[in-house]
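Spelled out from the first residue to the last, the chains are:
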Amino acid sequence: MILDIYKDSFEYASKNVKNLLILGVFYLFGFLVIPMFFILGYNYRIIKIATEGMINGDDELPEFENWTLMLVEGIKCFVVYLGYLIIPILVFLGILWGCGQANNLSLSIVGFIVGIVILLVFALYSFLAISHMATNDGSMKAAFDVKEITNIAKSIGWTRCFTTYIGMVILVSVIICVVVSIVLAVLMVLGVATVSAVPVMGVATVAGVVSTLIINFVITFIAMPYLQIFQSRCQGLLYNIR
């Protein structure tokens, strides 16, 4: 089932190159903040389609339309993610700070693991909360109905939930590393990047700056949009098997 979700999501993300490139443009200008809300809004529409569809179905990527609604949906998603993650992030940072003050390596390792587990649990809840909001006409109240979301997680299966989420994070991380390695290898063959491109004594070389810009462009404009669509599709399909 989990592998089917991944397979469907990878194929779904490549269904519409035009929309993929449009999303890439939003990522390029994400530093302006507002475009990030549109990205969240678009991801929300992908999740909504997935919660109403089925694995290996014939769903199409949503179009970029009704911009005002997309912005509102993106802001609502941001509030939901923030609501679920702000406290565990602060707790995680507090644990790291406390372990650092204790100056104890073993305690620091245990604290780090505990912090990661807490973050993972709340991240999974936010993951399901967005899908739950999508199936309840965008209701913010539904997104923060922890009891109902807990029941949904139980119906899906906690093991399946965590396995799908962790596997997705690992896949995304591995793909980004592979893309960076391939781009860097191509740049080295073309002579744009070399071993000497690595900054020496804190001084960046021209080749280093150029290769870094190219890699960042490929990751931001191509890899991230594709992987974000993949993740959003996974998010909706996981919820849909409740």
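Summary of the structure given here. (Residues numbered from 1 in each chain as written. Predicted model: local features only at pLDDT ≥ 70, side-chain atom pairs only at ≥ 80, totals over all residues. Heavy atoms only, no water.)

1. Brief notes about the overall build of the chain
Step number 1: Scanning the chain for helices and strands turns up 9 helices and 0 strands.
Step number 2: Burial statistics for the chain: of 242 residues in total, 40% are counted as buried.
Step number 3: Considering only contacts within the chain whose residues lie at least 6 apart along the sequence, 78% involve residues at least 24 apart.
Step number 4: If you sum the accessible surface of the chain, you get close to 12700 Å²; carbon and sulfur atoms cover 73% of it.
Step number 5: Taking the 12 positively charged and 13 negatively charged side chains of the chain as two groups, their mean positions are separated by 6 Å. (Helix = DSSP H or I, 4+ residues; strand = E, 2+ residues; numbered from the N terminus. Buried < 20%, exposed > 50% of the residue type's maximum accessible area, 1.4 Å probe, protein only. Contact = heavy atoms within 4.5 Å. Areas by Shrake-Rupley, 256 points an atom, 1.4 Å probe, with all protein chains shown as cover. Lys, Arg positive; Asp, Glu negative; His and termini not counted. Charge placed at Lys NZ, Arg CZ, Asp CG, Glu CD.)

2. Concerning the pattern of salt bridges
Step number 1: Per the counting criterion, the structure on display carries 6 salt bridges.
Step number 2: Between K7 and E11 there is a salt bridge, and its shortest N-O distance comes to 3.0 Å. Taken together, the positions of K7 and E11, both in helix 1 (residues 2-13) and 4 residues apart, correspond to about one turn of that helix.
Step number 3: Its relative accessible area of 42% is what places K7 among the partly exposed residues.
Step number 4: Salt bridges here are not isolated pairs; linked through shared partners, they connect D8, D59 and R233. (Salt bridge = Lys/Arg side-chain N within 4 Å of Asp/Glu carboxyl O.)

3. Considering helix 7 (residues 146-156)
Step number 1: Among the residues making up helix 7, those that are buried are I149, T150, I152, A153 and I156. The buried residues of helix 7 all sit within an arc of 160 degrees when viewed along its axis, so they share a single face. In this structure, helix 7 carries K147 and K154 as exposed residues pointing more than 90 degrees from its buried face.
Step number 2: Where helix 7 terminates, the next one or two residues include G157, which has phi positive at roughly 110 degrees. (Arc of directions from axis to C-beta.)

4. Observations regarding the packing of helix 2 (residues 17-28) against helix 3 (residues 34-52)
Geometry of a packed helix pair, given as the angle between the helix axes and the separation of the axes.
Step number 1: It is at 8 Å that the axes of helix 2 and helix 3 come closest, and there the two elements cross at 145 degrees. Residue-level contacts link N19, L23, F26 and Y27 of helix 2 to P35, F38, I39 and Y42 of helix 3.
Step number 2: Here the contact of helix 2 with helix 3 is built from residues that sort into 7 nonpolar, 1 polar and no charged. (Axes fitted to C-alpha atoms, helices over the stretch in contact; angles between N-to-C directions. Nonpolar A, V, L, I, M, F, W, Y, C, P; charged D, E, K, R; others polar.)

5. Looking at the nonpolar core
Step number 1: Within the largest apolar cluster, 34 residues are counted, with the highest numbers of intra-cluster contacts made by V80, L128, I130, M133 and M168.
Step number 2: Setting aside anything within four residues of it in sequence, one finds M168 in contact with Y6, F127, F230, Q231 and C234.
Step number 3: Within the second largest apolar cluster, 14 residues are counted, among which are Y12, A13, L20 and L23. (Core = buried A, V, L, I, M, F, W, Y, C linked by side-chain atoms within 4.5 Å.)

6. Quick notes on the environment of M54
Step number 1: With respect to the helices, strands and loops of the structure, M54 is situated in the loop between helix 3 and helix 4 (67-102).
Step number 2: Judged by its relative accessible area of 55%, M54 falls in the exposed class.
Step number 3: Sequence spacing of M54 and I241 is 187 residues, and the spatial spacing of their C-alpha atoms is 8.6 Å.
Step number 4: Those residues in contact with M54 that lie beyond four places of it in its chain are D8, D59, R233, L237 and N240.

7. A few points about the side chain of D8
Step number 1: Here D8 lies in helix 1.
Step number 2: Setting aside its immediate chain neighbours within four residues, D8 contacts M54, I55, N56, G57, R233 and L237.

8. Looking at unusual backbone geometry
Step number 1: In the Ramachandran plot, N56 falls in the positive-phi region, its phi being about 60 degrees despite a non-glycine side chain.
Step number 2: Mapped onto the fold, N56 is located in the loop between helix 3 and helix 4.
Step number 3: In this structure, N66 takes a positive phi of about 50 degrees despite not being glycine.
Step number 4: Mapped onto the elements, N66 comes out in the loop between helix 3 and helix 4.
Step number 5: Classification of N66 by relative accessible area gives partly exposed; the value is 47%.

As far as function goes, none of this settles anything; it's purely spatial.
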